[in-house]
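Here's the letter readout for the chains.
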Amino acid sequence: MEPSSSYKTKLARRKKKYAAMLLKETGLHEVHKSKFLLICNTGLVSGSTAEDVLELFSQYCSVQNILMVPGKSYCFVQCSDENEAENAHNAINAKLSLPGVNGPLYLLYSESMPQQDSKINFHYRPDGLILIDDFISGTEEQLLLDMVHDDFKNTSNTLKHRLVRHYGYEFDYNTNNVNKSNKCEDIPSKYSFLIERIQNHEKLKNWVPNQITINCYQPGQGIPFHVDTHSAFDDYILSLSIGSDIVMEFKNAQERCSLLLQRKSLLIMSDASRYVWSHGIVPRKYDIIENDAKLTTQARGERISFTFRRIRDGDSCNCDFVDNCDSKKKNQPCGSLEIGDDVASKLERTHVHEVYDEIANHFSETRHKPWPNVESFIRSFLPGSIFIDVGCGNGKYLGLNASAYQMGCDRNVKLAQECFKKGFEALICDCLELPFRSNVTDYCICIAVIHHLATESRRIRAIQEIIRILRPGGQALIYVWAKNQLKDEKSSNYLKINRNKDFAAGKVIEDTRSVEFKTSIENADEINGEKKTDVNISLPVHVNRTQFKHEDMLVPWKLKQKQDESEVPTFLRFYHVFSEGELESLCKRIPGNRVMKSYYDQGNWCVILEKL
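Residues numbered from 1 in each chain as written. Predicted model: local features only at pLDDT ≥ 70, side-chain atom pairs only at ≥ 80, totals over all residues. Heavy atoms only, no water.

**Q** It is not clear to me how the overall build of the protein should be interpreted in this structure. Could you clarify?
**A** Counting secondary structure elements, the protein contains 13 helices and 32 strands. Within the protein, the fraction of its 612 residues that count as buried is 50%. Taking the intrachain contacts of the protein between residues at least 6 apart in sequence as the baseline, contacts between residues at least 24 apart amount to 70%. With the model as given, the accessible surface of the protein reaches about 29000 Å², and the carbon-plus-sulfur share is 46%. (Helix = DSSP H or I, 4+ residues; strand = E, 2+ residues; numbered from the N terminus. Buried < 20%, exposed > 50% of the residue type's maximum accessible area, 1.4 Å probe, protein only. Contact = heavy atoms within 4.5 Å. Areas by Shrake-Rupley, 256 points an atom, 1.4 Å probe, with all protein chains shown as cover.)

Okay, structure coming up:
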């Protein structure tokens, strides 16, 4: 059936809209025909993955690359040639969709693809990265598989559902370190042929490991991105893969690459690949691999890895990467740094946005009961009022006042989906750029959001956005964590949950750990006569349920432990906790509002402001 003229007009308008978006956001032009396709109405913000895109497009074309753009609801596909792209365009455009995506996909021909670090790169390798295929024979692989499975029969040690054994020293996944004073079982003699082969290999120059970690990965399991602590281990980290192939990814501040580790291969990380680049395995059941210059998927099987390390003598690292080294770089808290918007944004992406992507479901399970003072504020709204919850999470404050028109917004897709399930309206956005017109809402709340912003200027900008969308006379309620959790005799729920008497009494117990955040700035301004292109921040790690000692820190979140888990992963969220009067002072520095009330509520500093 020939499409109606109104349908053709609608498609033409969409095409014009997406072409304008392509030019505005990437600087690329729509063209009549090319091997590059812009895919609209799906992307990382929509919950789609590169695997989803590849599964659909590989039915109609040979895919050479996929670019999933962070924070966007569109992505790019590179086909082998223009004819392949045309086949995909004709079959998919305005006709087919992806699971979980509302409506069909819309495709445009693009002149090229943007340069992004999320593009799949199978050819680049960081300095010092060596992959030796067929390091062991098939017979030796089977022998190792039999020995490992026999070892695992006698252990109940699991980590996030996967079996793990340590020899020599136990590796700590929370700190990427070892306790050197606590030795465990010696490396069994049955693995001595591996040690001997490593020692005699020309690339390793008589290097002998004294620590082995053996992991058994089932399909769908992975490991978080990390760099093994410099001061704990020396110049080499080795990984032997048996049982199944897998893709390991490497990333630093500006680049990212994928490496297929074939079974029986030995990976050697040294130099920058060991000390600078983080490595990890994304938890999924299929990998995207390159085959004959096109992308395809490969199912994962059970993979067993042998990780070989050598414990460093003493506590000092002798590497050349001073800015990345825990034993050389001076600890400097984030609060005393003059960091720009670019660095702050990257810090928040790593230690706020990506963390909440991982913990969203568990976080939502713990957020049900509204705080009384917030509930009272919402119930005071006049009938017919417009109410916006900035950072609404799972929507626990939506629906408390049925007489008001209410809408939530949040940066996290999974939390916004929880609102949808409850029948609430919610959209996905950044609190620094609210997608509402000015003077639109009567009331606004922002609960436990602004303390996740890394700089004062960004915290002010968030408050400015809240004031902007308020109508004159409109009111906003803002809550942030207080540094002093013992402001009144009732203390705070945050401390009360910890039953340790010393904690409840306000005794400061500090975690001596810190975590290094590293990034780079392009086109950095000169500071003190030098161009600062590399930024390294040492953030202290807070001890949960204790009094805060630092203003800027990382606060751990442990996922809910299941019965068959002996360990659960810990995620670190960035917080700036507020001193008394700090939140009120920020509000007063912004013209066009007045602070009606400032108060302390169960470990939070709170203000109610009115737009003038």
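What follows picks up the thread again.
**Q** Before we go on, may I ask you to explain the packing of aromatic side chains in this structure?
**A** When we look at a pair of aromatic rings, we describe it by the centre distance and by the angle of the planes. Going through the model one piece at a time under the given rule, you end up with 19 aromatic pairs. Through pairs of rings, three or more aromatic residues link up here, namely Y167, Y191, F306 and F308. Here the basic side chain of K251 rests over the ring of F225, its NZ or CZ set 4.2 Å away from the ring centre. The ring of F233 has R309 sitting right over it, with the charged end atom 5.4 Å from the ring centre. (Phe/Tyr/Trp six-rings, centres within 6.5 Å; stacked < 30°, edge-to-face > 60°. Lys NZ or Arg CZ within 6 Å of the ring centre and 35° of its normal.)

**Q** Hey, could you run me through helix α3 (residues 82-92) in this one?
**A** Note: α-helices contain 3.6 residues per turn, so residues at a spacing of three or four share the same orientation. When we look at burial in α3, the residues that qualify are A85, A88, H89 and I92. Buried residues of α3 fall within an arc of 100 degrees about the axis and therefore sit on the same side. Among the structural elements, β1 (36-40), α2 (50-57), β3 (74-79) and β4 (106-110) are those in contact with the buried residues of α3. The N-cap residue of α3 is D81: its side-chain oxygen and the backbone nitrogen of N83 are 3.0 Å apart. Backbone geometry just after α3 places A94 at a positive phi near 60 degrees. (Arc of directions from axis to C-beta. Polar contact = N/O pair within 3.5 Å; in protein donor to acceptor, adjacent residues only side chain to side chain.)

**Q** Just to check I follow, could you spell out the pattern of salt bridges for this structure?
**A** Close approach of charged atoms lets side chains of opposite charge pair. Applying the stated rule across the entire model yields 19 salt bridges. The salt bridge partner of E140 is R197, with a shortest N-O separation of 2.6 Å. Of this pair, E140 sits in helix α4 (residues 138-152) while R197 sits in helix α5 (residues 192-200), and the two are 57 residues apart along the sequence. Classification of E140 by relative accessible area gives buried; the value is 18%. R197 gets classed as partly exposed once you look at its relative accessible area, which sits at 29%. With its nearest N and O atoms 2.7 Å apart, the salt bridge here joins R458 to E348. Residue R458 is located in helix α10 (residues 456-469), and its partner E348 is located in helix α7 (residues 341-365); the two are separated by 110 residues in the primary sequence. The pair formed by R458 and E348 is uniform in burial state, with each residue classed as buried. (Salt bridge = Lys/Arg side-chain N within 4 Å of Asp/Glu carboxyl O.)

**Q** When you look at the sheet that holds β1 in this model, what are you seeing that I'm missing?
**A** Backbone-to-backbone hydrogen bonds join strands into a sheet, with any given pair of strands oriented parallel or antiparallel. Strand order in the open sheet made by the four strands is β2-β3-β1-β4, with antiparallel pairing throughout. Among the strands making up the open sheet, the edge pair consists of β2 (63-68) and β4. Taking each pair of neighbouring strands and ignoring which way they run, the sheet shows an average axis angle of 25 degrees. Pairing of β2 with β3 involves five bridges; the strand directions are antiparallel. Bridging across to β3, N65 finds its partner in Q78. Running at roughly 50 degrees to β4, helix α1 (residues 5-26) makes contact with β1, β3 and β4 of the sheet. (Pairing = 2+ DSSP bridges. Axes fitted to C-alpha atoms, helices over the stretch in contact; angles between N-to-C directions.)

**Q** Just checking my understanding: could you explain the confidence of the model for the protein for this structure?
**A** Low pLDDT means the predicted coordinates in that region are not meant to be read closely. For the protein, the average pLDDT comes to 84, and 84% of its residues sit at 70 or higher. A low-confidence stretch, residues 330-337 stays under pLDDT 50, and its non-local contacts, those more than four residues away or across chains, total 18 contacts. (pLDDT = per-residue confidence, 0-100.)

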